[in-house]
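Listed below, chain by chain, are the residues.
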Number of protein chains: 2
Amino acid sequence: MEADESIMRHVIALSVENVQSGRGGPFAAVVVRDGKIIAEGTNVVTSENDPTAHAEITAIRNACQKLNTFQLDGCDIYTSCEPCPMCLGAIYWARPRTIYYGNTKSDAASIGFDDSFIYEQLDHPPEKRSIPMRQLLADEAISGFRAWEAKEDKIAY
Amino acid sequence: MEADESIMRHVIALSVENVQSGRGGPFAAVVVRDGKIIAEGTNVVTSENDPTAHAEITAIRNACQKLNTFQLDGCDIYTSCEPCPMCLGAIYWARPRTIYYGNTKSDAASIGFDDSFIYEQLDHPPEKRSIPMRQLLADEAISGFRAWEAKEDKIAY
């Protein structure tokens with residue numbers, strides 16, 4: 001499907017409004033199916049006390065609630081900015097069809113957001129990251145995975 | 001602070017229980033402050049129809065609601081598995097002190113989860129990813145960022 005510039009203009013307007021209303025950062029996103037917006041989301045990190053409440057995460061959660069599913073097959077996401085690693089990860093788990101974005105992660109970095117920094121951190125091995133990460137009780141932790149393998153009626157995702 | 005193996009054992013037990021109860025995948029996490037668990041989370045993607053409801057995301061959201069903040073300064077996170085890119089991004093936005101994990105992303109890949117695949121995808125430029133990403137209306141999208149820069153009473157995060 002072709003990109004719909006009128007949808008991106010709506011997303012951009014939402015991002016500006018989100019700043020002006022004081023709800024959060026300058027970010028908005030929508031989920032589109034069959035050419036129509038089915039869910040919206042803006043960044044509400046500071047107003048909702050939720051560091052995970054970025055625009056894409058909020059839009060994906062809203063869309064899945066509406067569609068009663070945990071997958072966005074055949075949907076497109078329009079977002080005012082290239083997704084941060086958290087949101088890109090969420091997108092991969094939700095598995096939409098196409099992503100359209102306005103600003104880049106470099107644009108985000110230039111106004112003080114950590115997106116580029118976090119992308120760099122992901123490339124370091126766990127023990128070299130700025131937030132230290134240490135493995136613990138690996139021999140015991142695997143029991144959860146063994147339980148998953150053994151479960152016959154599991155719902156894969 | 002030293003790692004507390006009894007906390008990790010509790011997290012591992014939660015991950016097994018999460019499979020057995022059919023709530024979701026074999027993953028659990030807790031947020032710890034001053035040596036005490038202040039919030040728990042398990043993977044409830046399929047039972048809640050929320051692809052973002054991984055254990056770490058759920059635990060971070062619960063902890064922030066409890067502490068009435070969007071930052072986890074001085075907190076540690078114990079998670080049954082090395083975080084996927086979405087959860088690692090969420091951790092960077094929440095800014096806890098230390099992460100302890102049980103299984104690795106390779107362990108997760110070996111039982112069918114996409115963690116390693118998503119890590120690889122993040123290293124590709126947007127236009128080369130398996131979910132296509134395309135920039136649109138960059139000249140207009142920047143208006144949200146300009147509004148953010150101009151706002152005097154903004155709450156940074």
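The paragraphs below set out a description of the structure included in this document. (Residues numbered from 1 in each chain as written. Chains lettered and ligands numbered in written order. Predicted model: local features only at pLDDT ≥ 70, side-chain atom pairs only at ≥ 80, totals over all residues. Heavy atoms only, no water.)

Focus on the pattern of salt bridges
Residue and element names in this part refer to chain A. Under the definition given, this model contains 14 salt bridges over all chains. A salt bridge links Glu149 to Arg146; the nearest nitrogen and oxygen atoms lie 2.7 Å apart. Pair noted here: Glu149 and Arg146 are both in helix α7 (residues 138–150), with a separation of three residues, about one helical turn. Judged by relative accessible area, which is 42%, Glu149 ranks as partly exposed. (Salt bridge = Lys/Arg side-chain N within 4 Å of Asp/Glu carboxyl O. Helix = DSSP H or I, 4+ residues; strand = E, 2+ residues; numbered from the N terminus. Buried < 20%, exposed > 50% of the residue type's maximum accessible area, 1.4 Å probe, protein only.)

Thoughts on the environment of Gln135(A)
Mapped onto the elements of the fold, Gln135(A) is located in strand β5 (residues 133–135). On the accessibility criterion, Gln135(A) (34% relative accessible area) is partly exposed. Between the C-alpha atoms of Gln135(A) and Phe117(A), which are 18 residues apart in sequence, the distance is 23 Å. Among all residues touching Gln135(A), those that are not within four sequence positions of it are Tyr101(B), Gly102(B), Asn103(B) and Thr104(B). One polar contact links the side chain of Gln135(A) to the main-chain carbonyl oxygen of Gly102(B), over a distance of 2.7 Å. (Contact = heavy atoms within 4.5 Å. Polar contact = N/O pair within 3.5 Å; in protein donor to acceptor, adjacent residues only side chain to side chain.)

Topic: the sheet that holds strand β3 (residues 76–81) of chain B
Across the sheet, which stays open at both edges, the five strands sit in the order β5(A)-β4(B)-β3(B)-β1(B)-β2(B) with mixed pairing between neighbours. Looking at which strands have only one partner, the edges of the open sheet turn out to be β5 of chain A together with β2 (36–42) of chain B. Averaged over all pairs of adjacent strands, the angle between their axes in this sheet comes to 20°, without regard to strand direction. Relative to strand β4 (residues 98–103) of chain B, α7(A) is tilted by about 65°, and along the sheet it contacts β5 of chain A together with β3 and β4 of chain B. The strands touched by helix α1 (residues 5–20) of chain B are β1 (28–33), β2, β3 and β4 of chain B; relative to β1(B), the strand with the most contacts, the crossing angle is about 150°. (Pairing = 2+ DSSP bridges. Axes fitted to C-alpha atoms, helices over the stretch in contact; angles between N-to-C directions.)

Considerations on the interface of chain A and chain B
Facing 92 residues of chain A, the contacting portion of chain B comprises 92 residues. Between chain A and chain B, the buried area comes to about 8300 Å², and carbon and sulfur atoms account for 66% of it. For the pair chain A and chain B, the interface holds six salt bridges. As a salt-bridge pair, Arg95(A) and Asp114(B) come within 2.8 Å of each other at their nearest N and O atoms. The interface formed by chain A and chain B holds 36 residue pairs in polar contact (both at pLDDT 80 or more) in total. With ten residues, α7(A) is the single largest residue contributor to the side of chain A that touches chain B. Looking at side-chain class alone, the side of chain A that touches chain B contains 51 nonpolar, 24 polar and 17 charged residues. Summarising the sheet, β5(A) and β4(B) pair through three bridges and their orientation is parallel. The partner of Gln135(A) across the bridge, within β4(B), is Tyr101(B). (Buried area = accessible area lost by both parts, 1.4 Å probe. Nonpolar A, V, L, I, M, F, W, Y, C, P; charged D, E, K, R; others polar.)

Details of the packing of helix α4 (residues 85–94) of chain A against helix α4 (residues 85–94) of chain B
At a closest axis distance of 7 Å, the pairing of α4(A) and α4(B) adopts a crossing angle of 155°. Between α4(A) and α4(B), the crossing angle belongs to the class labelled roughly antiparallel. Of the two possible hands of crossing, α4(A) and α4(B) adopt the one that is left-handed. In contact with Pro85(A), Met86(A), Gly89(A), Ala90(A) and Trp93(A) of α4(A), α4(B) contributes Pro85(B), Met86(B), Gly89(B), Ala90(B) and Trp93(B). Considering only residue class, the contact of α4(A) with α4(B) consists of eight nonpolar, two polar and no charged. (Parallel < 35°, antiparallel > 145°, perpendicular 65-115°, else oblique. Left-handed = near helix turned anticlockwise from the far one by under 90°.)

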